[in-house]
Amino acid sequence: MVTDVRVSQNTSRSLLPYLQQANIQYTILISDLQKAIENQTGLRSYRNRRSLSGYNYEVYHSLEEIQGWMHHLNKTHSDLIHMFSVGKSYEGRPLFVLKLGKRSRPYKKAVWIDCGIHAREWIGPAFCQWFVKEALQTYQTDPAMKKMLTQLYFYIMPVFNVDGYQFSWTNVSSISNEGASFHPCDDTYCGPFPESEPEVKAVAHFLRRHRKQIKAYLSFHAYAQMLLYPYSYKYATIPNFNCVESAAYNAVNALQSAYGIRYRYGPASSTLYVSSGSSMDWAYKNGIPYAFAFELRDTGHFGFLLPETLIKPTCTETMLAVKNITLHLLKKCH
(Lines give C-alpha, C1' and ligand atoms only; values in the text may rest on other atoms or scores of the structure.)
Protein backbone atom coordinates (compact mmCIF):
# COMPACT_ATOMS: atom_id res chain seq x y z
CA MET A 1 0.00 0.00 0.00
CA VAL A 2 1.33 3.42 -1.00
CA THR A 3 0.06 6.48 0.84
CA ASP A 4 0.10 9.95 -0.71
CA VAL A 5 1.10 12.53 1.88
CA ARG A 6 0.78 16.32 1.94
CA VAL A 7 2.39 17.71 5.06
CA SER A 8 3.63 20.90 6.65
CA GLN A 9 7.23 21.00 7.82
CA ASN A 10 6.18 20.68 11.48
CA THR A 11 3.86 17.75 10.80
CA SER A 12 6.45 15.91 8.74
CA ARG A 13 8.79 15.63 11.74
CA SER A 14 6.25 13.56 13.66
CA LEU A 15 4.32 11.80 10.90
CA LEU A 16 7.03 10.46 8.60
CA PRO A 17 8.97 8.53 11.30
CA TYR A 18 5.67 6.84 12.21
CA LEU A 19 5.07 5.81 8.61
CA GLN A 20 8.59 4.47 8.36
CA GLN A 21 8.29 2.49 11.60
CA ALA A 22 4.98 1.05 10.46
CA ASN A 23 6.62 0.06 7.15
CA ILE A 24 4.04 2.09 5.21
CA GLN A 25 5.21 3.22 1.78
CA TYR A 26 4.52 6.87 1.08
CA THR A 27 5.00 9.54 -1.53
CA ILE A 28 5.38 13.19 -0.52
CA LEU A 29 3.31 15.29 -2.91
CA ILE A 30 3.75 18.69 -1.25
CA SER A 31 6.62 19.03 1.19
CA ASP A 32 5.37 22.20 2.89
CA LEU A 33 1.58 22.37 2.78
CA GLN A 34 1.29 25.55 4.82
CA LYS A 35 3.63 27.37 2.45
CA ALA A 36 1.59 26.17 -0.53
CA ILE A 37 -1.57 27.50 1.09
CA GLU A 38 0.02 30.85 1.89
CA ASN A 39 1.27 31.15 -1.69
CA GLN A 40 -2.35 31.15 -2.87
CA THR A 41 -2.98 34.53 -1.22
CA GLY A 42 0.54 35.86 -0.76
CA LEU A 43 0.25 38.65 -3.37
CA ARG A 44 -3.13 39.86 -2.17
CA SER A 45 -2.02 43.33 -1.02
CA TYR A 46 -0.20 43.86 -4.30
CA ARG A 47 -3.20 42.77 -6.35
CA ASN A 48 -5.55 45.12 -4.52
CA ARG A 49 -3.47 48.06 -5.71
CA ARG A 50 -3.76 47.07 -9.33
CA SER A 51 -6.09 48.96 -11.64
CA LEU A 52 -8.90 47.05 -13.31
CA SER A 53 -7.46 47.93 -16.72
CA GLY A 54 -4.47 45.78 -15.78
CA TYR A 55 -6.49 42.95 -14.29
CA ASN A 56 -4.38 39.82 -14.08
CA TYR A 57 -6.21 36.66 -15.14
CA GLU A 58 -3.29 34.43 -14.18
CA VAL A 59 -3.65 34.89 -10.42
CA TYR A 60 -6.42 34.01 -7.98
CA HIS A 61 -8.61 36.91 -6.93
CA SER A 62 -10.58 37.64 -3.79
CA LEU A 63 -14.36 38.02 -3.86
CA GLU A 64 -14.01 41.81 -3.54
CA GLU A 65 -11.70 41.90 -6.56
CA ILE A 66 -13.92 39.65 -8.65
CA GLN A 67 -17.03 41.71 -7.93
CA GLY A 68 -15.11 44.92 -8.66
CA TRP A 69 -14.05 43.40 -11.97
CA MET A 70 -17.68 42.54 -12.77
CA HIS A 71 -18.81 46.11 -12.07
CA HIS A 72 -16.00 47.42 -14.26
CA LEU A 73 -16.97 45.23 -17.22
CA ASN A 74 -20.61 46.20 -16.80
CA LYS A 75 -19.60 49.84 -17.29
CA THR A 76 -16.97 49.42 -20.00
CA HIS A 77 -18.59 46.72 -22.16
CA SER A 78 -22.27 47.58 -21.96
CA ASP A 79 -22.78 46.44 -25.56
CA LEU A 80 -22.04 42.81 -24.58
CA ILE A 81 -22.29 42.70 -20.77
CA HIS A 82 -25.22 43.15 -18.41
CA MET A 83 -24.67 42.55 -14.70
CA PHE A 84 -27.49 41.66 -12.32
CA SER A 85 -28.12 39.89 -9.03
CA VAL A 86 -30.31 36.81 -8.61
CA GLY A 87 -30.55 37.22 -4.84
CA LYS A 88 -28.49 37.34 -1.66
CA SER A 89 -26.40 34.82 0.21
CA TYR A 90 -26.91 33.57 3.76
CA GLU A 91 -24.63 36.37 5.01
CA GLY A 92 -26.31 38.99 2.82
CA ARG A 93 -23.83 39.22 -0.06
CA PRO A 94 -25.26 39.82 -3.57
CA LEU A 95 -25.25 36.89 -5.98
CA PHE A 96 -24.01 38.55 -9.15
CA VAL A 97 -24.36 37.13 -12.66
CA LEU A 98 -23.03 38.46 -15.97
CA LYS A 99 -25.25 38.19 -19.03
CA LEU A 100 -22.89 38.02 -21.98
CA GLY A 101 -23.92 38.25 -25.63
CA LYS A 102 -24.86 40.49 -28.51
CA ARG A 103 -28.37 41.92 -28.27
CA SER A 104 -29.11 40.81 -31.82
CA ARG A 105 -32.71 39.67 -31.33
CA PRO A 106 -35.32 39.54 -28.55
CA TYR A 107 -35.12 35.79 -27.93
CA LYS A 108 -31.96 33.71 -28.02
CA LYS A 109 -30.98 30.35 -26.63
CA ALA A 110 -28.70 30.57 -23.62
CA VAL A 111 -25.95 28.76 -21.74
CA TRP A 112 -25.61 28.89 -17.96
CA ILE A 113 -22.08 28.73 -16.52
CA ASP A 114 -21.34 28.67 -12.79
CA CYS A 115 -18.08 28.43 -10.87
CA GLY A 116 -17.21 28.32 -7.21
CA ILE A 117 -20.03 26.19 -5.83
CA HIS A 118 -17.32 24.64 -3.66
CA ALA A 119 -15.33 27.46 -2.10
CA ARG A 120 -11.93 25.72 -1.95
CA GLU A 121 -11.90 25.04 -5.71
CA TRP A 122 -10.35 28.37 -6.71
CA ILE A 123 -9.56 27.33 -10.28
CA GLY A 124 -13.33 27.41 -10.98
CA PRO A 125 -13.83 31.17 -10.50
CA ALA A 126 -10.53 31.72 -12.31
CA PHE A 127 -11.96 29.95 -15.35
CA CYS A 128 -15.23 31.91 -15.30
CA GLN A 129 -13.22 35.13 -15.40
CA TRP A 130 -11.01 33.73 -18.15
CA PHE A 131 -14.05 32.80 -20.26
CA VAL A 132 -15.44 36.34 -20.09
CA LYS A 133 -12.03 37.81 -20.89
CA GLU A 134 -11.59 35.57 -23.94
CA ALA A 135 -15.09 36.34 -25.19
CA LEU A 136 -14.57 40.09 -24.99
CA GLN A 137 -11.06 40.02 -26.45
CA THR A 138 -11.72 37.66 -29.38
CA TYR A 139 -15.30 38.56 -30.33
CA GLN A 140 -14.22 40.71 -33.27
CA THR A 141 -11.48 38.41 -34.57
CA ASP A 142 -12.62 34.83 -33.88
CA PRO A 143 -15.52 33.70 -36.14
CA ALA A 144 -16.50 30.95 -33.68
CA MET A 145 -16.72 33.38 -30.75
CA LYS A 146 -18.63 35.89 -32.86
CA LYS A 147 -21.13 33.17 -33.76
CA MET A 148 -21.48 32.15 -30.12
CA LEU A 149 -22.14 35.67 -28.84
CA THR A 150 -24.43 36.53 -31.74
CA GLN A 151 -26.62 33.45 -31.51
CA LEU A 152 -26.51 32.76 -27.78
CA TYR A 153 -26.59 34.45 -24.41
CA PHE A 154 -24.26 33.27 -21.64
CA TYR A 155 -25.29 33.64 -18.01
CA ILE A 156 -22.04 33.48 -16.04
CA MET A 157 -21.84 33.26 -12.26
CA PRO A 158 -18.14 33.50 -11.33
CA VAL A 159 -18.67 32.78 -7.62
CA PHE A 160 -21.75 30.79 -6.62
CA ASN A 161 -20.83 30.21 -2.98
CA VAL A 162 -19.84 33.78 -2.14
CA ASP A 163 -19.81 33.32 1.64
CA GLY A 164 -17.68 30.20 1.46
CA TYR A 165 -15.29 31.77 -1.04
CA GLN A 166 -14.86 34.83 1.18
CA PHE A 167 -14.22 32.53 4.14
CA SER A 168 -11.61 30.55 2.19
CA TRP A 169 -9.63 33.79 1.68
CA THR A 170 -9.91 35.16 5.20
CA ASN A 171 -9.57 31.90 7.14
CA VAL A 172 -6.85 30.05 5.26
CA SER A 173 -6.00 26.70 6.82
CA SER A 174 -4.85 23.30 5.61
CA ILE A 175 -7.34 21.30 3.56
CA SER A 176 -7.46 17.96 4.41
CA ASN A 177 -18.34 8.92 -1.20
CA GLU A 178 -20.93 8.11 -2.12
CA GLY A 179 -24.20 10.00 -1.88
CA ALA A 180 -24.47 12.79 0.65
CA SER A 181 -24.16 13.22 4.40
CA PHE A 182 -26.86 14.26 6.84
CA HIS A 183 -24.28 15.53 9.33
CA PRO A 184 -24.02 19.36 9.26
CA CYS A 185 -20.25 19.28 9.85
CA ASP A 186 -19.48 17.02 6.88
CA ASP A 187 -18.31 18.56 3.61
CA THR A 188 -20.96 16.51 1.75
CA TYR A 189 -23.83 17.69 4.00
CA CYS A 190 -26.98 17.79 1.89
CA GLY A 191 -28.88 20.35 3.98
CA PRO A 192 -32.14 19.88 5.89
CA PHE A 193 -34.30 19.96 2.74
CA PRO A 194 -34.00 20.69 -1.03
CA GLU A 195 -32.98 24.28 -1.82
CA SER A 196 -32.61 25.03 1.88
CA GLU A 197 -29.82 27.53 1.27
CA PRO A 198 -30.60 31.00 -0.16
CA GLU A 199 -27.87 30.80 -2.82
CA VAL A 200 -29.25 27.54 -4.21
CA LYS A 201 -32.82 28.75 -3.98
CA ALA A 202 -32.00 31.97 -5.88
CA VAL A 203 -30.18 30.21 -8.71
CA ALA A 204 -32.82 27.46 -8.95
CA HIS A 205 -35.54 30.11 -9.21
CA PHE A 206 -33.67 31.88 -12.02
CA LEU A 207 -33.04 28.67 -13.95
CA ARG A 208 -36.68 27.59 -13.64
CA ARG A 209 -37.85 30.95 -14.98
CA HIS A 210 -35.51 30.64 -17.97
CA ARG A 211 -35.67 26.89 -18.53
CA LYS A 212 -37.14 27.25 -22.03
CA GLN A 213 -34.29 29.51 -23.06
CA ILE A 214 -31.35 27.76 -21.38
CA LYS A 215 -30.12 24.79 -23.42
CA ALA A 216 -26.89 24.02 -21.57
CA TYR A 217 -25.79 24.03 -17.95
CA LEU A 218 -22.03 24.01 -17.30
CA SER A 219 -20.65 23.84 -13.77
CA PHE A 220 -16.92 24.05 -13.02
CA HIS A 221 -15.20 22.22 -10.19
CA ALA A 222 -11.88 20.67 -9.19
CA TYR A 223 -10.17 18.36 -9.24
CA ALA A 224 -10.01 15.12 -11.31
CA GLN A 225 -9.67 16.05 -15.00
CA MET A 226 -13.11 14.78 -15.95
CA LEU A 227 -16.09 15.93 -17.99
CA LEU A 228 -19.22 14.51 -16.41
CA TYR A 229 -22.86 14.39 -17.41
CA PRO A 230 -26.03 12.90 -15.83
CA TYR A 231 -26.80 10.93 -13.96
CA SER A 232 -24.90 11.36 -10.70
CA TYR A 233 -27.49 9.92 -8.35
CA LYS A 234 -28.07 6.60 -10.11
CA TYR A 235 -26.69 4.22 -12.71
CA ALA A 236 -28.94 4.90 -15.68
CA THR A 237 -28.72 6.16 -19.26
CA ILE A 238 -30.20 9.57 -20.07
CA PRO A 239 -32.68 9.74 -22.98
CA ASN A 240 -30.49 11.96 -25.17
CA PHE A 241 -27.33 10.00 -24.39
CA ASN A 242 -26.00 9.92 -27.96
CA CYS A 243 -26.07 13.70 -28.38
CA VAL A 244 -24.57 14.39 -24.95
CA GLU A 245 -21.93 11.67 -25.34
CA SER A 246 -20.93 13.06 -28.74
CA ALA A 247 -20.58 16.57 -27.32
CA ALA A 248 -18.45 15.29 -24.42
CA TYR A 249 -16.20 13.21 -26.69
CA ASN A 250 -15.50 16.12 -29.01
CA ALA A 251 -14.98 18.49 -26.08
CA VAL A 252 -12.32 16.36 -24.35
CA ASN A 253 -10.52 15.85 -27.67
CA ALA A 254 -10.48 19.61 -28.23
CA LEU A 255 -9.19 20.12 -24.71
CA GLN A 256 -6.42 17.56 -25.18
CA SER A 257 -5.24 19.28 -28.36
CA ALA A 258 -3.84 22.20 -26.34
CA TYR A 259 -1.35 20.54 -23.97
CA GLY A 260 -2.02 16.83 -24.24
CA ILE A 261 -4.00 16.69 -20.98
CA ARG A 262 -6.39 13.74 -21.00
CA TYR A 263 -9.84 14.00 -19.45
CA ARG A 264 -12.06 11.06 -18.66
CA TYR A 265 -15.69 11.59 -19.61
CA GLY A 266 -19.01 9.87 -19.08
CA PRO A 267 -21.97 9.64 -16.70
CA ALA A 268 -20.91 10.95 -13.28
CA SER A 269 -22.17 7.90 -11.39
CA SER A 270 -19.96 5.46 -13.27
CA THR A 271 -17.06 7.78 -14.15
CA LEU A 272 -16.61 9.31 -10.69
CA TYR A 273 -19.01 8.00 -8.05
CA VAL A 274 -22.69 8.03 -7.11
CA SER A 275 -23.63 11.32 -5.46
CA SER A 276 -26.95 12.83 -4.55
CA GLY A 277 -28.15 16.37 -5.12
CA SER A 278 -25.81 17.47 -7.90
CA SER A 279 -26.73 20.70 -9.68
CA MET A 280 -26.05 18.95 -12.99
CA ASP A 281 -28.72 16.30 -12.34
CA TRP A 282 -31.12 18.97 -11.14
CA ALA A 283 -30.61 21.06 -14.28
CA TYR A 284 -31.15 18.05 -16.53
CA LYS A 285 -34.28 16.97 -14.67
CA ASN A 286 -35.61 20.51 -15.05
CA GLY A 287 -35.46 20.38 -18.82
CA ILE A 288 -31.95 21.62 -19.70
CA PRO A 289 -30.84 19.02 -22.28
CA TYR A 290 -27.06 19.52 -22.03
CA ALA A 291 -25.83 19.47 -18.44
CA PHE A 292 -22.14 19.03 -17.72
CA ALA A 293 -19.82 19.26 -14.75
CA PHE A 294 -16.14 19.87 -15.39
CA GLU A 295 -13.61 18.62 -12.85
CA LEU A 296 -10.56 20.68 -13.81
CA ARG A 297 -6.86 20.05 -13.15
CA ASP A 298 -5.17 18.24 -11.65
CA THR A 299 -5.52 14.56 -10.64
CA GLY A 300 -4.25 14.92 -7.08
CA HIS A 301 -0.67 16.12 -6.96
CA PHE A 302 -1.62 19.68 -6.04
CA GLY A 303 -5.29 18.89 -5.49
CA PHE A 304 -7.23 21.96 -4.38
CA LEU A 305 -3.99 23.97 -4.16
CA LEU A 306 -3.44 24.27 -7.90
CA PRO A 307 -0.58 26.80 -8.37
CA GLU A 308 -1.24 30.06 -10.15
CA THR A 309 1.28 29.05 -12.81
CA LEU A 310 -1.26 26.45 -13.97
CA ILE A 311 -4.20 28.86 -14.30
CA LYS A 312 -3.36 29.84 -17.87
CA PRO A 313 -2.90 26.33 -19.33
CA THR A 314 -5.91 25.00 -17.42
CA CYS A 315 -8.16 27.80 -18.63
CA THR A 316 -6.78 27.76 -22.19
CA GLU A 317 -7.54 24.08 -22.69
CA THR A 318 -10.91 24.30 -20.92
CA MET A 319 -11.88 27.17 -23.18
CA LEU A 320 -11.50 24.87 -26.19
CA ALA A 321 -13.84 22.33 -24.62
CA VAL A 322 -16.49 24.91 -23.73
CA LYS A 323 -16.42 26.44 -27.21
CA ASN A 324 -16.82 22.95 -28.66
CA ILE A 325 -19.86 22.18 -26.51
CA THR A 326 -21.38 25.58 -27.28
CA LEU A 327 -21.00 25.17 -31.03
CA HIS A 328 -22.51 21.68 -30.71
CA LEU A 329 -25.64 23.34 -29.31
CA LEU A 330 -26.03 25.37 -32.48
CA LYS A 331 -26.21 22.20 -34.59
CA LYS A 332 -29.08 19.77 -34.74
CA CYS A 333 -28.33 16.48 -33.03
CA HIS A 334 -30.52 13.46 -33.74
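A brief structural summary. Not measured: the values here are computed from a predicted model.

1. A closer look at the packing of helix α5 (residues 123-138) against helix α6 (residues 143-151)
- In the contact formed by α5 and α6, the axes pass within 9 Å of each other and the chain directions differ by 105 degrees. Here α6 runs roughly perpendicular to α5, going by the angle between their axes. In this structure, α5 contributes F131, E134, A135 and T138 to the contact, and α6 contributes M145, M148 and L149.
- Tallied by class, the residues present in the contact of α5 with α6 amount to 5 nonpolar, 1 polar and 1 charged.

2. Some remarks on unusual backbone geometry
- Following A222, the chain continues to Y223 via a peptide bond in cis, the omega torsion being 5 degrees.
- For Y223, the position within the fold is in the loop between β7 (214-222) and β8 (226-229).
- The step from R297 to D298 runs through a cis peptide bond, and the omega angle for that step is -5 degrees.
- Looking at the element boundaries, D298 is found in the loop between β10 (290-296) and α12 (311-329).
- Even without a glycine there, the phi angle at Q225 is positive, about 60 degrees.
- Take Q225: it is sitting in the loop between β7 and β8.
- What makes Q225 buried here is its relative accessible area of 11%.

3. Re the environment of S269
- Its place among the elements puts S269 in helix α10 (residues 268-271).
- Apart from the residues within four sequence positions on either side, S269 is in contact with Y231, S232, K234, Y235 and V274.

4. Concerning α5
- Taking 1.5 Å of rise per residue, 16 residues should cover 22 Å, and α5 covers 22 Å from first to last C-alpha, within 8% of that figure.
- With 15 of its 16 residues buried, α5 lies for the most part within the structure.

5. A look at the packing of aromatic side chains
- In this structure the tally under the stated criterion is 21 aromatic pairs.
- Between the aromatic rings of F127 and F220, the centroid separation amounts to 4.6 Å while the plane-to-plane angle is 35 degrees, which identifies the pairing as tilted. F220 shares its class with F127; the two are buried.
- With centroids separated by 5.6 Å and ring planes inclined at 75 degrees, the aromatic side chains of Y231 and Y233 adopt a geometry described as edge-to-face.
- You can call Y231 buried: its relative accessible area is 7%.
- Note on Y233: relative accessible area 35%, which makes it partly exposed.
- Through successive ring pairs, a cluster of aromatic residues spans F127, F131, F154, F220 and F294.
- A cation over a ring is seen here: K133 above Y57, with NZ or CZ 5.7 Å from the ring centre.
- One Lys or Arg, K133, reaches over the ring of W130 and ends 3.4 Å from the middle of that ring.

6. Quick notes on the pairing of β7
- The buried count for β7 comes to 8 of 9 residues, which makes it a mostly enclosed element.
- Note: strand β5 (residues 109-115) against β7, 6 bridges, orientation parallel. Looking at the pairing, V111 lines up with A216 of β7.

7. Considering the sheet that holds strand β4 (residues 94-100)
- Spatially, the 8 strands line up as an open sheet ordered β3-β4-β6-β5-β7-β10-β8-β9, and their pairing is mixed. Both outer strands of the open sheet, β3 (81-88) and β9 (264-267), are each paired with one neighbouring strand and no more. Geometrically, the sheet is characterised by an average inter-axis angle of 20 degrees between neighbouring strands, direction not taken into account.
- Inspection of the sheet shows β7 paired to β10 by 7 bridges, in the parallel sense. Across the sheet, the residue bridging to A222 is L296, located in β10.
- Contacts from α6 reach β4, β5 and β6 (152-157), with the element oriented near 90 degrees to β6.

Calculation notes
Residues numbered from 1 in each chain as written. Predicted model: local features only at pLDDT ≥ 70, side-chain atom pairs only at ≥ 80, totals over all residues. Heavy atoms only, no water. Axes fitted to C-alpha atoms, helices over the stretch in contact; angles between N-to-C directions. Helix = DSSP H or I, 4+ residues; strand = E, 2+ residues; numbered from the N terminus. Parallel < 35°, antiparallel > 145°, perpendicular 65-115°, else oblique. Contact = heavy atoms within 4.5 Å. Nonpolar A, V, L, I, M, F, W, Y, C, P; charged D, E, K, R; others polar. Buried < 20%, exposed > 50% of the residue type's maximum accessible area, 1.4 Å probe, protein only. Expected span 1.5 Å × (residues − 1). Phe/Tyr/Trp six-rings, centres within 6.5 Å; stacked < 30°, edge-to-face > 60°. Lys NZ or Arg CZ within 6 Å of the ring centre and 35° of its normal. Pairing = 2+ DSSP bridges.

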